[in-house]
Amino acid sequence: MAITLAELYEKTGEQYELKLIAGKGGLHKEMNWVYVAEDQTNASFLRPGELIISTGALYNHSEKWLLEFLRMLVEHHTCGLIFNTGKHLFQADFTETVINYCNRHDFPLFLMPWHIHIYDITRDYYDRIFAESRMEKGNEFFKLLLEIKNPSVLNHFVNQKLGRILEYDKEKGSNLAETLFLYLKHWGSIQKIASESYCHRNTVTNRIHVLKEQLGMNLDDPAERFELMAAFMVREFSKLQKRT
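In this report, we go over the structure that sits alongside the text.

The next thing to look at is the packing of aromatic side chains. Applying the stated criterion across every chain, the model contains ten aromatic pairs. For the pair Y16 and Y125, a centre-to-centre distance of 6.2 Å together with 90° between the ring planes defines the contact as edge-to-face. Of this pair, Y16 sits in the loop between α1 (5-12) and β2 (19-22) while Y125 sits in helix α4 (residues 118-137), and the two are 109 residues apart along the sequence. Each member of the pair Y16 and Y125 is classed as buried. Measuring from ring centre to ring centre gives 4.7 Å for W33 and Y126, while their planes differ by 35°; the resulting arrangement is tilted.

Spelled out as structure tokens, the structure:
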């Protein structure tokens, strides 16, 4: 079952102080990815179903700019937009014309205050997307995990296999865990990892170098790769258990 904007709004709206100001009719839309975009030059990178987040850093204080930006997102079938307001954009910038445009196209428009960090909400939503994907593909595996009555066993396994990389991400503000998961998912294909994570190939290569050299992960060992993927599955299973 895919994640809808209505579900996201219900579960995370209070946490991230989201305010829906237009496009309520589009909350049924499914969200399959999160992408940060600032102006029309991002058009070629947009994909249907993406939830867009923007700071409005390139906003030129004109209604026309906002309408053109929204038109681009609607035409590329993105599912909605969150504006991080309070520095470049403010609620007063969203005129009746802008709000009416979103309502006509059932395009959800959310405002999020500046003190909420984009990094936090994107990481959360990425985790939810990955969890949903793995839940659909890992039903039998999750049924097996339900038979384990002592959750500390699962926590110990996750910490043993992923503890270093999760701590590294926390300290550095990086996203190596996502790169590692995609490396395992795509059998080390740099091209596929770069495509799915919307990163340049060189960025992916550098991240994998850090995984292997700085964190000492043996990604050439099939047994190690299997255990790492199992750890990701167990981690998402534990998160889903907490949310239910």
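Continuing now.
What follows deals with the sheet that holds strand β6 (residues 80-85). With respect to topology, five strands assemble into an open sheet ordered β2-β7-β6-β5-β4, the strand pairing being mixed. Edge positions in the open sheet fall to β2 and β4 (33-36), since each of these has one partner strand only. Each neighbouring strand pair of the sheet contributes to a mean axis angle of 25°, computed without reference to strand direction. Strand direction decides the pairing type here: β6 and strand β7 (residues 109-113), joined by five bridges, are parallel. Among the inter-strand pairings, I82 is bridged to a residue of β7, identified as F110.

For the rest of this paragraph, the subject is the pairing of strand β5 (residues 50-54). Extensive coverage of β5 is indicated by the burial of five of its five residues. The side-chain alternation of β5 yields two buried faces, one formed by E50, I52 and S54 and the other by L51 and I53. Bridge count between β4 and β5: four bridges; the pairing is parallel. Residue pairing across strands places Y35 opposite I52, the latter belonging to β5. As paired elements, β5 and β6 share four bridges and run parallel to each other. Its bridge partner lying in β6, I53 is registered against I82. A crossover connection joins β5 to the parallel β6 through helix α2 (residues 63-75); in handedness this β-α-β unit is right-handed.

About the cut-offs
- Residues numbered from 1 in each chain as written.
- Predicted model: local features only at pLDDT ≥ 70, side-chain atom pairs only at ≥ 80, totals over all residues.
- Heavy atoms only, no water.
- Phe/Tyr/Trp six-rings, centres within 6.5 Å; stacked < 30°, edge-to-face > 60°.
- Helix = DSSP H or I, 4+ residues; strand = E, 2+ residues; numbered from the N terminus.
- Buried < 20%, exposed > 50% of the residue type's maximum accessible area, 1.4 Å probe, protein only.
- Pairing = 2+ DSSP bridges.
- Axes fitted to C-alpha atoms, helices over the stretch in contact; angles between N-to-C directions.
- Right-handed = clockwise from strand over helix to strand, strands pointing away.

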